[in-house]
Amino acid sequence: MDARATSNPALAILLIPWSILRGAARFVSRLRANIPGMIGFIGLVAYFIFTFILPRFIPFDNEPNLDEIVGPIGSRIQLAVHRDDARLRTFEDLAGKTVGVVDQTGGPDLIAPYADTLTIEKYRWTSRRAGPGLETSLVDLANQEIDALLIFSKTVTELIDSQQDPELKALFSENIVISNPGLGPPHLLGTDTQGRDIATHVVHGGRVLILTALIGGVISTVIALFLGSIAALTGGFLDSALTALTNLILAIPRFPLLVVMAGLIRFDNTLYLGVLIGLLGWPALMRAIRSQVLSLRERDFVEAARSLGLSTNHIMFREILPNMISYVMINFIFSITFAMYEQIGLVVLGLAPINDYTWGVMLYFGRSRGTLYNPDGASMALSPVLAIAFFQVCLVLFARALEELFDPRLRAPV
Amino acid sequence: MSLPPDVVLQVDDLSIVYRTDRGAVKATANVSFALRSGEAMALIGESGSGKTTISLALIRKLPKNAVVTSGQIFYQRDQRVRDVLKLSGKELREFRWNECAMVFQGAQNAFNPVLKIRKQFEDTAQAHGWKNRAAVRKRALSLLQLVRLDPERVYDAYPHELSGGMKQRALLALSVLLSPQVVILDEPTTALDILTQRAIIDVLKDMQRQLNFSIIFISHDLSLAAEMADHVATVYAGEIVEFGGVADVFYESLHPYTYGLLTSVPTLEHAQDRLQSIPGSPPNLITPPEGCKFHPRCAFADEICMKDSPALTADVGEHLAACWHKDRLIESRKGRA
Amino acid sequence: MATQSLNAPLESPWRDQLIHALRTALTSYTARVVVQAIVTIWAVATLTFLLVREMPGNPIDVLIEQILTQEGISYQEAYDRVAASFNFDPDASLLDLYFSWLGDLLRFDLGKSITSPGTEVIDEIARFLPWTVFAVGMGLLISFVLGIVLGMTMAYYRNSFLDHSLSLLSSFLTGVPNYIWGLLIIIVLGIQLNLFNVGELRGTYDISLTPGLNAAFILSVLKHAALPIATYVIATLGGWMLNMKSSTMGVLNEDYVNVAEARGLKDKRIITSYVGRNASLPLFTQLTIAVGFVLGSGVVIEEIFVYWGIGHYLFQSITVRDYTSMQGVFLILTMGVVFSNLFADLTYGLLDPRVRISGER
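Since we're looking at a predicted model, the values are computed, not measured.

Asker: Sorry, what's going on with the overall build of chain A here?
Answerer: Counting its regular elements, chain A contains 17 helices and 5 strands. Within chain A, buried positions represent 45% of all 414 residues. Taking as baseline every contact in chain A between residues at least 6 positions apart, the subset at least 24 positions apart corresponds to 75%.

Asker: Help me out: how do you make sense of the overall build of chain B in this one?
Answerer: The helix and strand tally for chain B stands at 12 helices and 12 strands. A compact globule built from 337 residues would reach a C-alpha radius of gyration of about 20 Å, and chain B, at 21 Å, matches this within 12%. Its C-alpha atoms put chain B at 65 × 45 × 40 Å along the principal axes. Each of the 337 residues in chain B was classed as buried or not, and the buried ones make up 43%. When contacts within chain B are restricted to residue pairs at least 6 apart in sequence, long-range pairs at least 24 apart make up 66% of them.

Asker: Would you take a moment to explain the interface of chain A and chain C for this structure?
Answerer: Accessible area lost when the parts come together is the quantity often used to give the size of an interface. Each partner contributes to the interface: chain A provides 33 residues, whereas chain C provides 39 residues. Residue assignment for the side of chain A that touches chain C shows that the elements contributing at least two residues are helix 10 (236-251), helix 11 (254-265), helix 15 (312-349) and helix 17 (378-406) of chain A. In terms of residue count, helix 17 of chain A provides more of the side of chain A that touches chain C than any other element does, 12 residues in total. A per-class count over the side of chain A that touches chain C returns 28 nonpolar, 3 polar and 2 charged.

Asker: Where do I start with the pairing of strand 8 (residues 214-219) of chain B in this structure?
Answerer: Consecutive residues of a regular strand have side chains that alternate between opposite faces of the sheet. All names here are of chain B. With 6 of 6 residues buried, strand 8 is to be regarded as a mostly interior element. Residues Ser214, Ile216 and Ile218 of strand 8 are buried on one face, and the alternating residues Ile215, Phe217 and Ser219, pointing to the opposite face, are buried as well. Note that strand 7 (residues 182-186) and strand 8 share 5 bridges and pair parallel. Counterpart to valine 182 in the pairing with strand 8 is serine 214. Chirality of the crossover, the property in question, places the unit of strand 7, helix 7 (residues 194-211) and strand 8 among those that are right-handed.

Asker: Would you mind going over the nonpolar core with me for this structure?
Answerer: For soluble globular proteins, nonpolar side chains are generally found buried alongside one another. Within the largest apolar cluster, 238 residues are counted, with the highest numbers of intra-cluster contacts made by Val259 of chain A together with Ala173 of chain B. Setting aside its immediate chain neighbours within four residues, valine 259 of chain A contacts Leu346, Leu349 and Leu351 of chain A together with Val299, Leu314 and Ile318 of chain C. Counting 19 residues, the second-largest nonpolar core is a separate cluster that includes Ala224, Leu242, Met316 and Phe317 of chain A.

Asker: Even after reading the chapter, I still don't get unusual backbone geometry, so can you show me in this structure?
Answerer: One can expect most non-glycine residues to show negative phi and most peptide bonds to be in trans. Despite not being glycine, aspartate 78 of chain B has its phi angle at roughly 50 degrees, a positive value. Take aspartate 78 of chain B: it is sitting in the loop between strand 4 (66-77) and strand 5 (80-83). A positive phi is found at valine 306 of chain C, a non-glycine position, where the angle reads about 50 degrees. Along the chain, valine 306 of chain C falls in the loop between helix 12 (267-305) and helix 13 (310-319). Given 14 C-beta atoms within 10 Å, valine 306 of chain C falls into the partly exposed group.

Asker: I tried to follow the sheet that holds strand 2 (residues 23-36) of chain B on my own but got confused; where do I start?
Answerer: What links the strands of a sheet is backbone hydrogen bonding, and the strands pair in either a parallel or an antiparallel sense. Residue and element names in this part refer to chain B. Read across the open sheet, the 4 strands follow the order 2-1-4-5; overall the sheet is antiparallel. Each end of this open sheet is capped by a strand with a single partner; those strands are strand 2 and strand 5. Taking the axes of each pair of neighbouring strands and ignoring which way they run, one obtains an average angle of 10 degrees across the sheet. Across 10 bridges, the pairing between strand 1 (residues 7-20) and strand 2 is antiparallel. Paired with isoleucine 16 across the strands is threonine 28, a residue of strand 2. Along the sheet face, helix 1 (residues 51-58) touches strand 1, strand 2 and strand 4 and points at about 65 degrees away from the line of strand 2.

Asker: Would you mind showing me how to read helix 6 (residues 94-106) of chain C here?
Answerer: Because each turn of an α-helix spans 3.6 residues, side chains separated by three or four positions end up pointing in the same direction. Counted at 1.5 Å a residue, the expected span for helix 6 of chain C with its 13 residues is 18 Å, and the 18 Å between its end C-alpha atoms agrees. Looking one or two places after helix 6 of chain C, you find phenylalanine 108 of chain C, whose phi comes out positive at around 60 degrees.

Asker: Just to check I follow, could you spell out the confidence of the model for chain A for this structure?
Answerer: Close reading of the predicted structure is inappropriate where its pLDDT is low. Residue and element names in this part refer to chain A. This prediction gives chain A a mean pLDDT of 77; 74% of its residues lie at or above 70. The secondary-structure element of chain A with the lowest mean pLDDT is helix 1 (residues 3-6), recorded at 44, while helix 9 (residues 207-234) shows the highest, at 91. Contacts from residues 71-75, a stretch scored under 50 in pLDDT, to residues over four places away or in other chains number 24 contacts. Below a pLDDT of 50 lies the segment residues 126-130, which in the model reaches 7 contacts outside its immediate sequence neighbourhood of four places, other chains included.

Rules used throughout
- Per chain, the residues get numbers from 1 upward, laid out in the order the sequence is written.
- Chains carry letters and ligands carry numbers; both start at the beginning, A for chains and 1 for ligands, and go up in the order they are written.
- Where totals are concerned, whole chains, interfaces and linings use all residues; where local detail is concerned, this predicted model gives features only for residues with pLDDT of at least 70, and gives and counts side-chain atom pairs only at 80 or more.
- Every helix listed is a DSSP run of H or I at least four residues long, and every strand listed is a run of E at least two residues long, numbered separately from the N terminus.
- Three exposure classes are used. Buried residues have 20 or more other C-beta atoms within 10 Å of their own C-beta, exposed residues have 12 or fewer, and partly exposed residues fall in between, all C-beta atoms being placed from the backbone.
- Residues are scored as being in contact if the C-beta atoms we place from backbone atoms lie within 7 Å.
- C-alpha atoms define the radius of gyration, and 2.2 Å times the number of residues to the power 0.38 defines the globule rule.
- In this classification, Asp, Glu, Lys and Arg are treated as charged, Ala, Val, Leu, Ile, Met, Phe, Trp, Tyr, Cys and Pro as nonpolar, and every other residue, Gly included, as polar.
- Each pair of strands is called paired provided DSSP finds at least two bridges between the two strands.
- For a crossover, the right-handed case is the one in which the path from the first strand over the helix to the second runs clockwise, viewed with the strands pointing away from the viewer.
- Defined on buried residues, the nonpolar core groups Ala, Val, Leu, Ile, Met, Phe, Trp, Tyr and Cys residues joined through C-beta atoms within 7 Å.
- Note on method: axes are straight lines fitted to C-alpha atoms, helices fitted across the in-contact stretch only, with angles between N-to-C directions ranging 0 to 180 degrees.
- Expected span of a helix: the number of residues minus one, times 1.5 Å.
- Confidence of the prediction at every residue is given by pLDDT, a number between 0 and 100.

Structure (structure tokens):
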């Protein structure tokens with residue numbers, strides 16, 4: 001119970017969560033007046049439930065469903081099948097059948113996983129609207145030379161309708177069923193390029209991203225806190241060296257550096273990416289913390305503690321850190337947003353691992369498979385975009401509210 | 001409305017209220033006074049007594065939450081009388097500095113740090129329709145000379161290149177650039193060292209002698225008031241409680257508050273042990289005391305003081321005071337002397 | 001004193017004067033920031049050198065391996081080929097390589113592209129960089145001006161409905177990553193509302209036109225740059241707004257603004273020369289930080305809009321593992337940031353007389 005016991009850094013660190021908790025309780029009670037901050041706070045809690053609890057109850061839809069594919073180019077995929085075989089619905093149903101594919105951007109990509117089970121004859125469709133290729137394949141289909149036809153376009157109905165030749169028109173309308181799936185329940189947000197439910201992907205797509213961003217944020221904040229306080233408290237050569245290093249790293253454009261490193265290293269685990277982001281992300285905060293510690297060090301209560309001969313540990317953990325905790329918290333949140341920004345940017349460029357199906361990966365596929373440019377693909381493109389956007393906005397709103405609550409200069413005058 | 005020819009500024013029954021979250025602060029109540037041409041008047045009183053509010057009202061620079069609930073402020077120049085409170089936006093802008101200049105408290109930051117002193121003189125002149133730069137320069141240099149600065153150097157300097165005392169003097173020069181009739185000085189010497197204070201006072205006296213403007217100055221430095229002022233008004237809790245010639249007020253105070261202020265100042269003649277401070281603290285202006293607002297702190301207070309507030313009246317000449325017990329004060333002063 | 005100064009010219013030959021001048025020059029602020037900039041560029045050059053050669057799975061080995069398996073030539077041949085494209089002598093030590101790389105850099109020689117043989121990296125950069133500079137510069141300029149105006153408006157009408165809505169808006173603008181804004185523009189405005197044809201706006205200008213100072217070409221350039229510029233504006237605007245608001249609120253409390261009003265100055269003059277000028281000072285330093293950030297983020301933005309600027313070139317080099325191009329572009333980007341910092345350091349004194357370099361005294 002003497003002063004030395006409380007200056008034990010390990011003990012003092014244990015006190016940090018307590019002070020954070022106490023601050024959080026006080027914060028929530030004061031936050032009610034700050035509507036944007038409250039929105040951010042509630043949003044973040046919702047995101048937490050959404051990404052860490054909901055996935056336990058909602059399984060990830062990994063079942064490709066031919067009926068509900070959103071095609072990569074002009075439109076939704078359409079499946080034209082012979083009337084006798086109208087029950088053909090999924091890729092599995094097509095096993096062993098002769099399937100014609102109208103080859104356009106992304107078409108072969110989609111079919112590739114099923115190439116072994118399908119007998120595929122490729123038909124090149126050259127003209128933008130219903131061309132001779134499509135027509136030939138429809139005739140083939142009607143004559144049962146192929147069992148089904150995959151068309152990545154919605155023009156097939158138009159083609160049949162616009163048919164002048166009465167004989168052909170009769171042949172198509174008597175023999176062909178067009179499968180043209182719509183969106184809506186049970187698929188809340190529709191389906192993706194493989195007919196999988198997007199809503200379940202959105203629910204599952206945040207976990208790895210948020211964890212990675214947290215790792216990045218924690219690592220950069222801890223490094224910044226450690227180096228910043230060491231530089232400020234020891235001063236001298238170490239201080240100058242650390243400051244010079246910080247300035248040097250700050251001059252390097254961070255995102256291109258990450259792009260180059262990710263291009264060289266080619267990560268296989270997203271979490272490693274978080275570590276790299278954290279290792280590169282500390283300098284700006286380190287500089288800010290250094291000057292904070294420097295100014296706090298000059299304050300009366302710290303002067304008093306020093307004149308009492310208390311240890312550097314005591315001064316750091318008992319006198320300075322508690323006075324910086326809100327500042328560090330705010331910057332921790334901002335560093336999470338940076339980590340989020342950087343990792344998703346890398347994923348969108350295709351330089352980060354895509355084995356976890358995150359919002360970023362959804363975006364990546366949206367771009368690389370062209371769904372982004374499909375007017376019917378709005379859901380697939382917008383769902384991850386909005387999920388990311390609102391998460392970032394919630395973080396920023398929350399951090400801004402914290403800033404306002406803890407910085408008396410920003411508070412509205414009484 | 002006509003005023004006596006030598007009156008430049010007359011304030012009638014001015015009351016100002018600040019609306020705040022905790023209620024209406026009655027910062028100024030029924031203040032009336034007149035300022036004559038070429039005269040210096042001092043407003044004295046503790047901080048928060050409403051001195052600054054009165055002076056801000058004169059150029060209508062009150063904070064946004066202030067409301068003038070009653071009163072008029074008349075300004076006269078060349079037999080033309082205007083009510084300052086009724087000036088339109090454009091008229092007010094032209095009135096400011098041209099007719100009535102104000103040197104704020106803490107003039108250290110009164111100059112825009114990114115513009116040269118010259119530019120700020122020119123800005124001021126230009127805003128009031130004076131476009132001839134050479135003429136502005138000539139006038140400014142002579143004024144800077146008057147405030148005992150090196151005119152050429154200061155005129156082309158940036159504010160940060162001047163010392164605090166130099167900035168204060170440059171500001172005084174700027175304040176009379178447009179030959180206003182009234183210059184308001186709010187604590188003109190606070191935050192300056194004692195020698196600089198001395199220099200500023202000398203400069204002020206010089207300027208007034210040569211340019212013949214009227215001065216209203218606000219100070220809690222009574223020695224400064226005694227030296228500079230012709231008339232003194234004591235402000236307590238937003239009211240003028242005593243008004244009169246400087247000698248009358250300082251040597252024959254008729255209000256216990258003024259007397260209290262005077263006896264709390266050390267002088268060379270009086271020994272330290274005779275110093276007294278006024279007990280208590282200034283009243284809360286949201287719910288001011290009934291009757292005379294000074295009664296809770298007053299040694300002479302009795303029942304009447306708690307019920308009715310005394311009027312500002314004169315028994316002899318022009319020495320006004322708002323107190324029920326002027327006689328008792330005179331008695332007690334005689335006893336001490 | 002008098003005799004000394006009379007004798008002084010005789011006793012101090014020109015050499016002493018030169019040394020004195022040099023000493024003053026080197027200890028001056030200008031010299032310090034210039035030296036700092038040079039040291040930074042040198043350090044980053046060293047870093048890129050080590051990054052490319054010493055990283056796990058280092059590109060040189062990967063490339064040799066690639067050529068070996070693809071073309072079935074001898075190891076020595078493959079090694080020589082790689083050495084040629086990386087600008088190094090196969091027999092030299094790491095230190096020699098390092099110095100020759102630095103020497104090449106001083107001659108603005110960034111080596112040859114690996115994947116398109118015969119192309120100088122520096123030429124490619126010269127081809128792509130101007131587009132990025134144009135788009136980033138325009139974007140930052142527009143958002144900076146707009147942000148200053150909006151930020152001042154917020155400060156003047158603080159705690160009003162306008163202030164609260166603008167402040168919420170700024171949180172949205174800054175919170176949402178810039179590439180997400182880019183994607184939103186494409187998806188919502190381009191695809192869903194069909195306001196423009198996304199495909200037609202790819203590239204930096206309509207390739208059927210001949211570059212030159214004609215209206216059609218300039219219009220085409222502006223049209224192609226419009227979306228990236230809009231994205232840069234949207235993504236950086238919120239920051240300027242908030243910074244300008246808090247800076248303006250600080251300035252509005254300053255005595256000199258109060259005094260300026262008492263001086264009867266016109267509102268326009270007070271807003272521009274007294275409030276605006278002082279409040280925007282701190283934002284100029286932040287502008288250089290923004291330059292670095294926006295230049296960097298250009299990689300994704302240009303990729304999303306298929307705008308052929310330096311970021312697009314960097315990304316293309318990475319996908320085909322063109323290491324010389326990669327290190328060249330990265331170095332150029334860093335130099336861009338360093339030089340914009342340097343520029344800000346050297347010109348800040350023109351804006352704020354308080355830090356003006358006292359060269360003449």
